[in-house]
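Residues per chain, in single letters:
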Amino acid sequence: MAAGYKQFNDQRYFGAAKKIGEWIVSNLTDNTGTGYGGYYLGYPDEGKPKDLIKGKSVENNADIFAAFRRLAAIERQLGNQAEADKWRERANIAGDFVMEMFDPLTGRFYAGTVPVGTLPGPGIKPDGPQKGNDVINTFDFLDSNTFTTLALAATLRYRDQIDWRRPVQFVLDNFAQSVMAGGQEFCGFNIVKEPTAGPNGIAWEFTGQAVVAMRFVDRLYQESRFKEPADFYLECIRKAQRLAPFGNGRGLVASTLQDGDLLPPIEQCLSTPFQCIPERVGLAATVWAIFADQSINPLRG
C-alpha cells in the first residue's frame, strides 16, 4: 500500500497502509516487557476462535520493519517529522526482535519464538534460549535468513551489528536442492532442508529470494562473493520457466518435485510445515523471479 501511494500519489493507498499499521501496533505488539519484544503472529483462521497467537515470526517481523520504515519515510517527505519518528520507533520494535533471533555460532536467524510449553511439531523446535514467556524456535527456514537480510542489512541501525554475508551463506549451505522431473534436472532452493512428507523438491519463490539476497549482499559489501551462485540459480529459474512440468512459458511454477510429473494430482505439491506448495504457476514464484532477474529488493525502503 505504501509503495502504491509512492507510485500513484493516491492518498487512499497511504491511508490504508497507515490503517493496517495501526491495527498491527494495537493488536500484535508484545507489551509484556519480559520477553524478546516484537510483534505476535496474529489470529487463527479456518473458523477457529480468534484468540491471539503469541508466537512470533522473525520473517513477519522483518516484513513489519520494512513496512513501518516505508511509512516513516513517507511521513518525513510530507514534513510530518513527529509521525515519521513514531513509525520509525515502531519499526525498531520489529527490527530489534529480528536481531535477537540471530545465532552468532551458525550465522543463521532462528524462526522466531513460541510461548513456553509449546510442543515440538512441524516447523516448531522450541529448544532455544528462554526469556519471559518466550522460547526461541530454532527450526530452520530459508526466509528467516533472506527476508531478514533484505529488510535490515542496509539500515544504519543494523548494518554493522553482524556480518550479513553469513545468513546468505547459511542459505547456500543448507537449502539447495536438485531434482529430476520431466526428463530434466532442476536446481534451486526449498524453504526447509527437507520436505515434511513426500518427495523432495524446489520452491521457486524461495529460490528467487535467495538470488535477490545474494546480489543485494554483494552490493552491500561491494564485492562479488555470491555472483557465481546468483548467476547459476537465476539460470535455474529461467530453465524452470521454460521447461518445468505444468508451466505455461510465461509465469513460473511454484514448485518442482522429484518425478513430480509422474505423481497423481493430489500429491503434486511440495510439503512444508505451513503450506503445500503446488506444481502450478504461482504469483509469488513469478514475482520473485522478476525481482531476481531485475535485482530488485522489495523490502528496502
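Summarised in this report is the structure supplied together with it. (Residues numbered from 1 in each chain as written. Predicted model: local features only at pLDDT ≥ 70, side-chain atom pairs only at ≥ 80, totals over all residues. Heavy atoms only, no water.)

**With respect to the overall build of the chain**
- Of the regular secondary structure elements, the chain holds nine helices and 14 strands.
- Here the C-alpha atoms of the chain give a radius of gyration of 19 Å, agreeing with the 19 Å that 2.2 N^0.38 yields for 301 residues.
- Taken along the three principal axes of its C-alpha coordinates, the chain extends 60 × 45 × 40 Å.
- Counting all 301 residues of the chain, 51% fall into the buried class.
- When contacts within the chain are restricted to residue pairs at least 6 apart in sequence, long-range pairs at least 24 apart make up 60% of them.
- Accessible surface, the chain as shown: approximately 14200 Å² in total, 52% of it carbon and sulfur.
- Put simply, the chain has 32 plus and 35 minus side-chain charges, and the middle of one group is 6 Å from the middle of the other. (Helix = DSSP H or I, 4+ residues; strand = E, 2+ residues; numbered from the N terminus. Rg over C-alpha atoms; globule rule 2.2 N^0.38 Å. Buried < 20%, exposed > 50% of the residue type's maximum accessible area, 1.4 Å probe, protein only. Contact = heavy atoms within 4.5 Å. Areas by Shrake-Rupley, 256 points an atom, 1.4 Å probe, with all protein chains shown as cover. Lys, Arg positive; Asp, Glu negative; His and termini not counted. Charge placed at Lys NZ, Arg CZ, Asp CG, Glu CD.)

**A word on the state of the cysteines**
- Evaluation of the coordinates by the stated rule reveals one disulfide.
- Disulfide pairing is shown between cysteine 269 and cysteine 276; the S-S distance is 1.9 Å. Here the disulfide of cysteine 269 and cysteine 276 is right-handed, its torsion about the S-S bond being about 75°.
- The closest cysteine sulfur to the non-disulfide-bonded cysteine 187 is located on cysteine 236, 4.7 Å from its own sulfur.
- What makes cysteine 187 buried here is its relative accessible area of 16%. (Disulfide = S-S within 2.5 Å.)

**Quick word on the pattern of salt bridges**
- Taken as a whole, this structure holds 21 salt bridges when the rule is applied.
- Across the pair arginine 90 and glutamate 22 runs a salt bridge, and its minimum N-O distance is 3.1 Å. Taken as a pair, arginine 90 in helix α4 (residues 81–100) and glutamate 22 in helix α2 (residues 11–28) lie far apart in primary sequence, 68 residues in all.
- For arginine 90, a relative accessible area of 15% translates into the label buried.
- Note on glutamate 22: relative accessible area 27%, which makes it partly exposed.
- For arginine 238, the salt bridge identified is with glutamate 235, shortest N-O distance 2.5 Å. On the criterion of helical spacing, the pair formed by arginine 238 and glutamate 235 is a turn pair, its members being three residues apart in helix α8 (residues 227–243).
- Of the residues examined, arginine 238 reaches a relative accessible area of 32% and is grouped as partly exposed.
- Classification of glutamate 235 as partly exposed rests on a relative accessible area of 42%.
- Linked through salt bridges whose partners overlap, the residues forming this network are Glu22, Glu83, Lys86 and Arg90. (Salt bridge = Lys/Arg side-chain N within 4 Å of Asp/Glu carboxyl O.)

**Details of the packing of aromatic side chains**
- Per the stated rule, a full pass over the model turns up 15 aromatic pairs.
- An aromatic cluster is built from Tyr39, Phe68 and Trp87, whose rings are joined through pairwise contacts.
- In this arrangement the basic side chain of arginine 90 is found over the ring face of tryptophan 87, its NZ or CZ atom lying 4.6 Å from the centre.
- The lysine or arginine in question, arginine 159, covers the ring of tyrosine 221, its NZ or CZ lying 4.5 Å from the ring centre. (Phe/Tyr/Trp six-rings, centres within 6.5 Å; stacked < 30°, edge-to-face > 60°. Lys NZ or Arg CZ within 6 Å of the ring centre and 35° of its normal.)

**Points about the sheet that holds strand β4 (residues 112–115)**
- Strand order in this open sheet of four strands is β1-β4-β6-β5, and the pairing throughout is antiparallel. Every other strand in the sheet has two partners, leaving β1 (56–57) and β5 (130–131) as the edge strands with one partner each. (Pairing = 2+ DSSP bridges.)

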